[in-house]
Amino acid sequence: MKKELDFTTMAPAIVAAVGGAGNIKTHTHCMTRLRLVLNDKTKANEEALKAIDGVKGVVDQAGQYQIVIGPSVEQLYNEMLPLLPAGGQEAPVQENLDEKTNENVVSRIFAFISGCITPTIPVLIGSGLISALLSIVKFMNPAAAESSTYMLINTLAQAAYSYLPVMVAFAAARRLKTNEYVAAFVMLALCSGSISGVEELNLFGIALTKVSYTSNIVPALLMVPVMAALDKQIMKVLPDAVKSILRPFILGMVMFILTLLILGPIGTIIGMALANFCVWLTSFGGLSMAVLSALHPLLVMVGMHTIITPLIVNEITTYGSSLLFTKALAANLAIAGAALAVGVKAKKAENKQTGISTGVTALLSVTEPALYGCLIRLRKPLISAIIAAAITGVFVGMFDVRAYATASCSFLTLPIFLGGTMQNFVFACIAAVLATVLGFVITWIVGFDE
């Protein structure tokens, strides 16, 4: 098929353009981007990359060389795997924060957090859509919420958040080249009903602080780097004959005790601080949401939008809903409206086709094809989308429009705003239409140079 032939052509072209397989240190992908860590970025030919059909943009941020592809990135990545460094699917997410690189400490920390969160995003999206479906069922038939079927499916939806720390610990351990299964093993124990949120526990006679480990990803992010450092020392000290036996035992016991006594309580304090920061950040109503909504496309441009995911997850798990996440609704649909305006108004056939196709994609799924393939290239539509997002942000801030689950904000995922009052969902729908219309109208009025 033509599509497969395109991926087969793109894969070696991209590998060659970044300096060859030998220049690729680690590799992974998110929903729309290839995320590579290169040994030497000077060997990458950015112009050659951008010239490859299907590449919508290149972002060098937070220690990663990000190549924007769009929703088909996973198919392309599967074609690239045989060409990438040995290690198969485990190689993409390995990274050692102790290694000396040209990136500063802050960039490496951001890369670590983003790399631990990004693999869990598909699970969070799936959970969000299941929750949205259940909200619709409950709205149409309240009695259905008492059925066994509803409760079983709801258990599936809630598991994504309840055991998110386990998934984050697994991803973090894989990045830091320590045993991911031991990391998951420790977090599973901590998330158990006999430990998480239980009061008056003690360990060796030491009273433990009450900590809710379920849905709290901060203890996992603190635990795994300590575990990786301990693992290095264990590997140096233990004889080869007993490593396979004593290594998991020591890692599991030490990290379990250390997390219960120190890292868990610290993680809870940080998690609450992040949740309260979200409340403060959005406490200025329309003004704060206008700024946050306007900044969202810029964060996507530099690949830093996933950094906010831990804040949103903490906000939802702490308070049950997120106002901060609603900025994505305002921004995503403003981008869609701006791209559609380009598609309708453009005189060049290429711009018409790109505007319409990426605009529809943004309305229904992801925005990066519209952002990179249309708005950034023409510039003025990007400014128009930012203005439209800011105005819509004022609206959602004034009416406190909240999301009750996470998913890529689009018209298809509006049910994630069900969960509170019906008025919240109605205002979310109004905001979606408002952002799309404003993005279209402002782009049409401001115009653009082709």
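Going by the structure above, here's the rest.
About the criteria used
Residues numbered from 1 in each chain as written. Predicted model: local features only at pLDDT ≥ 70, side-chain atom pairs only at ≥ 80, totals over all residues. Heavy atoms only, no water. Phe/Tyr/Trp six-rings, centres within 6.5 Å; stacked < 30°, edge-to-face > 60°. Helix = DSSP H or I, 4+ residues; strand = E, 2+ residues; numbered from the N terminus. Buried < 20%, exposed > 50% of the residue type's maximum accessible area, 1.4 Å probe, protein only. Axes fitted to C-alpha atoms, helices over the stretch in contact; angles between N-to-C directions. Parallel < 35°, antiparallel > 145°, perpendicular 65-115°, else oblique. Contact = heavy atoms within 4.5 Å. Nonpolar A, V, L, I, M, F, W, Y, C, P; charged D, E, K, R; others polar. Disulfide = S-S within 2.5 Å. Salt bridge = Lys/Arg side-chain N within 4 Å of Asp/Glu carboxyl O. Left-handed = near helix turned anticlockwise from the far one by under 90°. Core = buried A, V, L, I, M, F, W, Y, C linked by side-chain atoms within 4.5 Å. Expected span 1.5 Å × (residues − 1).

Visitor: Just checking my understanding: could you explain the packing of aromatic side chains for this structure?
Guide: How two aromatic rings sit relative to each other is set out by the distance from centre to centre and by the angle between their planes. In total, this model carries six aromatic pairs according to the counting rule given. Judged by centre distance (5.9 Å) and plane angle (80°), the rings of Phe 395 and Phe 427 are edge-to-face. In this pair, Phe 395 is assigned in helix H16 (residues 380–398) and Phe 427 in helix H17 (residues 422–446), connecting sequence segments 32 residues apart. Of the two residues examined, Phe 395 and Phe 427, each falls in the buried class. Members of the aromatic cluster, connected to one another through ring pairs, are Phe 395, Phe 399 and Phe 427.

Visitor: When you look at the packing of helix H10 (residues 240–281) against helix H12 (residues 309–319) in this model, what are you seeing that I'm missing?
Guide: Packed helices, taken two at a time, are described by the angle their axes make and the gap between the axes. Between H10 and H12, the shortest axis-to-axis distance is 8 Å and the interhelical angle comes to 95°. On the basis of their axis angle, the class for H10 and H12 is roughly perpendicular. On H12, the residues that touch Gly 271, Met 272, Leu 274, Ala 275, Asn 276, Phe 277, Cys 278 and Val 279 of H10 are Leu 311, Asn 314, Glu 315, Thr 318 and Tyr 319. When grouped by side-chain class, the residues that make up the contact of H10 with H12 number eight nonpolar, four polar and one charged.

Visitor: Before we go on, may I ask you to explain unusual backbone geometry in this structure?
Guide: Leaving glycine out, the prevailing phi sign among residues is negative, and the prevailing peptide bond configuration is trans. Residues other than glycine seldom take positive phi values, yet Phe 204 does so here, at roughly 55°. Note that Phe 204 resides in the loop between strand S5 (202–203) and strand S6 (206–207). Residue classification places Phe 204 among the exposed positions, given a relative accessible area of 66%. Positive phi, normally seen in glycine, also occurs at Asp 400, with a value near 50°. Positionally, Asp 400 belongs in the loop between H16 and H17. You can call Asp 400 partly exposed: its relative accessible area is 34%.

Visitor: Looking at this model, I keep getting lost on the state of the cysteines. Mind explaining?
Guide: By definition, a disulfide links the sulfur atoms of two cysteine residues through a covalent bond. Following the criterion strictly, the structure yields zero disulfides and no others. A disulfide-free cysteine, Cys 429 has its sulfur positioned 12 Å from the sulfur of Cys 409, the nearest such atom. Overall, Cys 429 belongs to the partly exposed group, its relative accessible area being 23%.

Visitor: Explanation requested: the pattern of salt bridges in the structure shown.
Guide: Pairs may arise between side chains of opposite charge once their charged atoms sit close together. Across all of its chains, the model carries eight salt bridges by this definition. Linking Lys 210 and Glu 199 is a salt bridge whose minimum nitrogen-to-oxygen distance equals 3.5 Å. Of this pair, Lys 210 sits in the loop between S6 and helix H9 (218–237) while Glu 199 sits in the loop between helix H8 (180–190) and S5, and the two are eleven residues apart along the sequence. In this structure Lys 210 comes out as partly exposed when scored by relative accessible area, which is 43%. Judged by relative accessible area, which is 51%, Glu 199 ranks as exposed.

Visitor: Even after reading the chapter, I still don't get the environment of Gly 19, so can you show me in this structure?
Guide: Mapping Gly 19 onto the fold places it in the loop between helix H1 (2–17) and strand S1 (24–29). Along the chain, Gly 19 and Asn 39 lie 20 residues apart, while their C-alpha atoms are 9.3 Å from each other.

Visitor: Got a minute to help me understand the side chain of Asn 424 in this structure?
Guide: Following the sequence through the fold, Asn 424 ends up in helix H17. Overall, Asn 424 belongs to the buried group, its relative accessible area being 7%. In this view, Asn 424 contacts Asp 400, Val 401, Arg 402, Tyr 404 and Phe 417; residues no more than four positions away in its chain are not counted.

Visitor: Sorry, what's going on with the packing of helix H14 (residues 349–364) against helix H15 (residues 368–378) here?
Guide: With their axes 8 Å apart at the nearest point, H14 and H15 run at an angle of 135° to one another. By the criterion of interaxial angle, the relationship of H14 to H15 is oblique. Here H14 and H15 pass one another in a crossing that is left-handed. Residue-level inspection shows Asn 351, Thr 354, Gly 355, Thr 358 and Ala 362 of H14 in contact with H15, the latter providing Pro 369, Ala 370, Gly 373, Cys 374, Arg 377 and Leu 378. In terms of residue class, the contact of H14 with H15 is made up of five nonpolar, five polar and one charged.

Visitor: Help me out: how do you make sense of the nonpolar core in this one?
Guide: Taken as a class, soluble globular proteins show a tendency for nonpolar side chains to be buried jointly. Membership of the largest hydrophobic core comes to 101 residues, with the highest contact counts inside it found for Leu 329, Leu 375, Ile 416 and Phe 417. With 25 residues, the next largest nonpolar core counts Val 15, Ala 17, Leu 49 and Met 80 among its residues.

Visitor: Sorry, what's going on with helix H7 (residues 164–175) here?
Guide: Each full turn of the α-helix corresponds to 3.6 residues, which orients residues three or four apart in the same direction. In this model, H7 (twelve residues) spans 17 Å end to end at C-alpha, consistent with the 16 Å of a helix rising 1.5 Å per residue. Within H7, ten of the twelve residues are buried, leaving the element largely enclosed by the surrounding structure. In the segment just after H7, Lys 177 is the residue with positive phi, at about 60°.

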